[in-house]
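# Architecture at a glance
Take a look at the letters that make up each chain.
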Amino acid sequence: MPLSKESSFTTDYIFSLPEGQRAELIDGVVYDMAPPNRLHQELVSELHYKITDYIKKNNGACKVFPAPFAVFLNADDKTYVEPDISVICDKSKLDDRGCVGAPDWIIEIASPSTKRTDYGVKLFKYRSAGVREYWIVNPLTRTVNVYALEKEELNNIVGGASAAIFNAFARIFRTMYDIGYEIGSTIRRLVSKKTCKI
């Protein structure tokens, strides 16, 4: 699990870290980030590619950013996160530093070291900051949790593909059945070749 420093820090601390050292800041608490493993990076790469490709093919305006990408959720200097995938549809939130305000859609790839933060601290913070959709992809349990935060809905998807995934995508990008299927296929292919049902 990431080391949390139980004190009140600001983004000045994050920017003072040595090159190559990464951390997130949530409500003044620092969470050190361990380097991701190969499967984590493969999932991030595939998801980034599939989502970006869909948006381009459909002339969409949303932008997709993989980590490391700075997201300043609040209008203060106490919160700074680097989601694995950030999708931003309001370009006025983007500046040279990253995203100022809540992305429309965030995806985190969970691991044993990030589980508590992804399912607890970040879920609460993303909801209160105005993130519209939050996915937690867990390669170890072969599940995807889809949180429709605007509607306070939770869909647990075992194996990475079901109608709930397609519906979750549709809430943000309207007609995203194709990308829902493609991403479900990507997760199934990368995580498990045995357990997936459509």
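Here the structure is a predicted model, which is why all the values come from computation and not from measurement.

Procedures and definitions
Residues numbered from 1 in each chain as written. Predicted model: local features only at pLDDT ≥ 70, side-chain atom pairs only at ≥ 80, totals over all residues. Heavy atoms only, no water. Pairing = 2+ DSSP bridges. Helix = DSSP H or I, 4+ residues; strand = E, 2+ residues; numbered from the N terminus. Expected span 1.5 Å × (residues − 1). Bend = angle between axes of the 7 residues up to and from the residue. Contact = heavy atoms within 4.5 Å. Buried < 20%, exposed > 50% of the residue type's maximum accessible area, 1.4 Å probe, protein only. Arc of directions from axis to C-beta.

A few words now on the sheet that holds strand E5 (residues 71-72). Read from one edge to the other, the open sheet built from three strands follows the order E5-E8-E7, with strand pairing classed as mixed. Pairing within the sheet leaves two strands with one partner each, and these edge strands are E5 and strand E7 (94-95). Here E5 runs beside strand E8 (residues 98-100); their pairing, made up of two bridges, is parallel. Residue pairing for E8: valine 71 is matched across the bridge by cysteine 99.

What follows is about helix H3 (residues 115-129). An α-helical turn contains 3.6 residues, so a residue and the one three or four places further along point in the same direction. In this model H3 runs 20 Å from its N-terminal to its C-terminal C-alpha over 15 residues, within 8% of the 21 Å that 1.5 Å per residue would give. Taken as a whole, H3 carries its principal kink of about 40 degrees at lysine 122. In this fold, the buried residues of H3 make contact with strand E2 (23-26), strand E3 (29-32), strand E9 (105-109), strand E10 (133-138) and strand E11 (143-148). One or two positions beyond H3, positive phi appears at glycine 130, with a value near 105 degrees.

A separate point is the pairing of E3. Burial along E3 is two-sided: the face carrying Val29 and Tyr31 and the face carrying Val30 and Asp32 are both buried. Pairing between E2 and E3: four bridges, direction antiparallel. Directly across from alanine 23, in E3, lies its bridge partner aspartate 32. Counting the residues that bridge the hairpin from E2 to E3 gives two residues, and of these aspartate 27 lies at a positive phi of roughly 50 degrees.

Right, let's get into helix H2 (residues 38-57). Between its terminal C-alpha atoms H2 stretches 28 Å, which fits the 28 Å expected from 20 residues at 1.5 Å a residue. Inspection of H2 places His40, Leu43, Val44, Leu47, Ile51, Thr52, Tyr54 and Ile55 among the buried residues, and these make up the whole buried set. Projected down its long axis, H2 shows its buried positions confined to an angular sector of 160 degrees, all on one face. Along H2, exposed side chains directed more than 90 degrees from the buried face belong to Arg38, Lys56 and Lys57. Where H2 terminates, the next one or two residues include asparagine 59, which has phi positive at roughly 55 degrees.

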